[in-house]
Amino acid sequence: TEAIGLYNLGQSCCLNSLLQVFLMNIHFTGILRRITVPLSPAQRRNNVPYQMLLLLEKMQCGKCKAVGPTDLACCLSEHRVKLFVQHDAAQLFLTLWNLLKKQMKKPELVAELRDLYTICIQEHLACQNCSFEIKSNSAMLTLPLPVLDANSQRLKTLKDCLQYFFHPEELTGQNMCFCQQCGRKTTFLQSMKLVHLPQTLTLHLKRFCFERSSHTHKLSHSLPFPQELDFNEVLTENQCQSDDSEKATWQYELFAVVAHSGSSSCGHYCAYIRSLTECKWYCFNDSEVCQVSWDDVKCTYGHSNLYWRETAYLLIYMKKQPQ
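Named according to an unreviewed UniProt entry, the chain is UBP18 hydrolase originating from Eulacestoma nigropectus.

Now the structure itself:
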């Protein structure tokens with residue numbers, strides 16, 4: 001019933017933040033509680049879903065303000081997840097999710113996990129010289145949203161980032177594609193169309209920018225995001241490949257923000273999460289947990305002149321319950 005922190009084992013703030021986002025999601029824990037317990041002690045030690053379940057029970061049964069995720073961290077290291085190093089939250093989220101999916105033995109639980117998080121996109125490639133068109137479907141765990149446009153201009157809001165991601169792009173010059181119908185390279189129009197959105201939607205703000213010198217720097221400019229998000233108000237008809245019943249479920253409420261403070265080479269993660277049972281916001285900063293306001297969460301919008309301030313990196317939205 002109480003928000004419990006996780007001790008930092010040594011540069012484990014990224015892992016701790018993501019674990020809190022997973023374990024505060026009652027839809028995820030509903031799946032986790034139904035896993036098959038591995039038979040042997042060795043299998044149990046190396047099973048990520050089981051170790052995550054043990055950690056959840058430890059957090060719920062303990063009398064301490066924080067617990068140590070040591071056994072889970074050791075389990076992850078057996079699966080080549082490095083400890084005591086800085087992680088990228090988007091990459092580590094994908095790694096954890098893939099390990100969970102791989103080690104859940106019940107096919108129905110794997111299907112539920114996939115349905116809970118997976119975004120479905122259809123990519124269109126259309127020749128601008130004839131009627132030739134290629135369509136391909138892909139599944140994504142996060143929507144990787146640029147925060148700069150093609151001219152390196154700052155996108156000002158989350159809505160701008162989403163619209164830019166789904167905006168058609170003309171492939172010309174060196175980017176031209178071979179058209180089977182024309183028999184030569186031609187200009188193509190590339191576009192993304194949204195097919196399906198999951199119950200728990202993860203948006204990745206691409207704040208880390210790679211320069212030609214292979215140096216990475218962080219983009220810290222202000223980028224507001226709303227508490228409520230309706231994709232029907234964000235995307236046009238041409239950017240969707242869905243029926244009305246699917247679109248009727250595209251209304252979301254913000255559930256969590258994984259925020260990064262510091263620079264690309266030296267930083268710290270924490271998580272702001274809205275309790276689904278209490279409807280209160282909490283800040284999970286390793287072993288320290290405190291209740292916060294929406295104004296505190298808005299401090300993660302970013303600020304151009306304050307590079308060390310917390311800046312939202314992952315936004316996790318949850319489908320609104322039908323009235």
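The rest of the description comes next.
Chemist: Please explain the sheet that holds strand 9 (residues 188-196) as it appears in this structure.
Modeler: Paired through backbone hydrogen bonds, the strands of a sheet run either parallel or antiparallel to each other. With antiparallel pairing, 4 strands are arranged side by side in an open sheet as 4-3-9-6. The sheet terminates laterally at strand 4 (133-140) and strand 6 (169-171), the two strands that pair on one side only. Geometrically, the sheet is characterised by an average inter-axis angle of 30° between neighbouring strands, direction not taken into account. In this structure, strand 3 (residues 119-127) lies alongside strand 4, joined through 8 bridges in antiparallel fashion. Looking at the pairing, glutamate 123 lines up with serine 136 of strand 4.

Chemist: I'm lost on the pattern of salt bridges in this one. Help?
Modeler: Proximity of charged atoms lets side chains of opposite charge pair with each other. Scanning all chains against the criterion turns up 5 salt bridges. A salt bridge links glutamate 112 to arginine 34; the nearest nitrogen and oxygen atoms lie 2.6 Å apart. Note that glutamate 112 is positioned in helix 7 (residues 107-117) and arginine 34 in the loop between helix 2 (26-32) and helix 3 (41-45), a separation of 78 residues in sequence. Residue classification places glutamate 112 among the partly exposed positions, given a relative accessible area of 31%. Look at arginine 34 and you get partly exposed, because its relative accessible area is 37%.

Chemist: So what exactly am I meant to see when it comes to the packing of helix 1 (residues 13-23) against helix 4 (residues 48-61) here?
Modeler: Packed helix pairs are specified by the crossing angle of their axes together with the interaxial distance, meaning the distance between the axes. Taken N-terminus to C-terminus, the directions of helix 1 and helix 4 make an angle of 80°; their axes are 11 Å apart at the nearest point. Accordingly, the angle class assigned to the pair helix 1 and helix 4 is roughly perpendicular. Residue-level contacts link Leu19, Gln20 and Leu23 of helix 1 to Met52, Leu55, Leu56 and Met59 of helix 4. Residues belonging to the contact of helix 1 with helix 4 are distributed by class as follows: 6 nonpolar, 1 polar and no charged.

Chemist: What should I look at first to understand the side chain of glutamine 51 in this one?
Modeler: As for its placement among the helices and strands, glutamine 51 is situated in helix 4. Apart from residues lying up to four places away in sequence, glutamine 51 is in contact with Arg44, Arg45, Asp71, Leu72 and Cys75.

Chemist: Explain the domain arrangement of the chain here, please?
Modeler: A common way to express how large an interface is: the accessible area buried when the components associate. Looking at the assigned domains, one finds that the chain contains domain 1 (1-117) and domain 2 (140-167 + 199-322). Summarising the inter-unit geometry, the C-alpha centres of domain 1 and domain 2 are found 22 Å apart. Summed over both sides, the interface between domain 1 and domain 2 buries roughly 2500 Å², with carbon and sulfur atoms accounting for 66% of that surface. For the domain 1 face of the interface with domain 2, the top three residues by lost area are Val21, Met24 and Gln86, together amounting to 20%. Inspection of the domain 1/domain 2 interface yields 1 salt bridge. Of the charged contacts, one joins lysine 65 and glutamate 288 as a salt bridge, the two residues approaching to 2.8 Å between their closest N and O atoms. For the interface between domain 1 and domain 2, the tally reads 11 residue pairs in polar contact (both at pLDDT 80 or more). Elements represented by at least two residues in the side of domain 1 that touches domain 2 include exactly strand 1 (5-6), helix 1, helix 2, helix 6 (89-103) and helix 7. In terms of residues, the side of domain 1 that touches domain 2 owes the most to one element, helix 1, which gives 7 residues. A breakdown of the residues in the side of domain 1 that touches domain 2 according to their chemical character gives 18 nonpolar, 10 polar and 3 charged.

Chemist: Which parts of the structure should I look at to understand empty space enclosed by the protein?
Modeler: Empty pockets left among the atoms are what a rolling probe the size of a water molecule brings to light. Scanning the model with the defined rule gives 2 cavities of 30 Å³ or more in all. The space that makes up the largest cavity amounts to roughly 100 Å³. Lining the largest cavity are 14 residues, and of these Ser12, Leu15, Lys82, Leu83 and Phe84 lie nearest its centre. If you add up the space inside the second largest cavity, you get close to 70 Å³. Forming the walls of the second largest cavity are Leu18, Val21, Phe22, Asn25, Phe93, Tyr117, Thr200, Thr202, Leu314 and Ile316. For the lining of the second largest cavity, the secondary-structure elements that each account for two or more residues are helix 1, strand 10 (200-206) and strand 18 (311-319). By residue number, the principal contributor to the lining of the second largest cavity is helix 1, which donates 3 residues. Within the lining of the second largest cavity, the residues separate by chemical class into 7 nonpolar, 3 polar and no charged. Counting residues domain by domain, the lining of the second largest cavity receives three or more from each of domain 1 (1-117) and domain 2 (140-167 + 199-322).

Chemist: Help me out: how do you make sense of the packing of helix 6 against helix 7 in this one?
Modeler: Running from N to C, helix 6 and helix 7 point in directions that differ by 155°, and their axes come no closer than 10 Å. Classified by the angle between their axes, helix 6 and helix 7 sit roughly antiparallel to one another. Residues Phe93, Trp97, Leu100 and Lys101 of helix 6 form the contact with helix 7, whose participating residues are Val110, Leu113, Arg114 and Tyr117. Broken down by class, the residue content of the contact of helix 6 with helix 7 amounts to 6 nonpolar, no polar and 2 charged.

Chemist: I would appreciate a short explanation of the nonpolar core in the present structure.
Modeler: In globular proteins that are soluble, nonpolar side chains generally tend to be buried together. Counting residues in hydrophobic clusters, the biggest one holds 56 residues, and the most contacted among them are Phe28 and Tyr117. Each of domain 1 (1-117) and domain 2 (140-167 + 199-322) accounts for three or more of the residues forming this core. In contact with phenylalanine 28, other than residues within four places in its own chain, are Phe22, Leu23, Met52, Leu100, Leu113, Leu116 and Tyr117. Counting 40 residues, the second-largest nonpolar core is a separate cluster that includes Leu194, Leu197, Leu254 and Val292.

Cut-off values and rules
- Within every chain, residues take consecutive numbers counted from 1 along the sequence as written.
- Reporting of local features is limited, given that this is a predicted model, to residues whose pLDDT is at least 70; pairs of side-chain atoms are given and counted only at 80 or more, and all residues count toward the totals for whole chains, interfaces and linings.
- Excluding hydrogens and water, the side-chain values take into account all heavy atoms of the structure.
- Strand pairing is assigned whenever DSSP identifies at least 2 bridges connecting the two strands.
- For the purposes of this entry, the term helix denotes a DSSP run of H or I that reaches at least four residues, the term strand denotes a run of E that reaches at least two, and both are numbered from the N terminus.
- Only C-alpha atoms enter the line fits that serve as axes; for helices the fit covers just the stretch in contact. Angles between N-to-C directions range over 0 to 180 degrees.
- Any carboxyl oxygen of Asp or Glu that lies within 4 Å of a side-chain nitrogen of Lys or Arg is treated as forming a salt bridge with it.
- Exposure categories follow from relative accessible area, calculated using a 1.4 Å probe and restricted to protein chains: below 20% of the type maximum is buried, above 50% is exposed, and the middle band is partly exposed.
- An angle below 35 degrees is read as roughly parallel, one above 145 as roughly antiparallel, one from 65 to 115 as roughly perpendicular, and any other as oblique.
- Two residues form a contact once any of their heavy atoms are found within 4.5 Å.
- Amino acids outside the nonpolar list (Ala, Val, Leu, Ile, Met, Phe, Trp, Tyr, Cys, Pro) and the charged list (Asp, Glu, Lys, Arg) are all regarded as polar, and Gly is one of them.
- An automatic or database domain assignment supplies the residue ranges for each domain.
- What counts as buried area is the accessible surface, traced by a 1.4 Å probe, that two parts surrender upon association, with contributions from both included.
- We call two N or O atoms a polar contact when they sit within 3.5 Å, provided that within protein one can donate a hydrogen and the other can accept it, with sequence-adjacent residues counted only if both atoms are side-chain atoms.
- The pocket and cavity definitions rest on a 1 Å grid over protein atoms only: a 1.4 Å probe that fits but cannot leave marks a cavity, an open set with protein on both sides within 12 Å along at least five of seven lines marks a pocket, and residues lining either have an atom within 4 Å of a point.
- Grid points are joined across faces, edges and corners, and a volume is the space filled by probe spheres set on the points.
- We define the nonpolar core as a collection of buried residues of types Ala, Val, Leu, Ile, Met, Phe, Trp, Tyr and Cys that are connected through side-chain atoms lying within 4.5 Å of one another.

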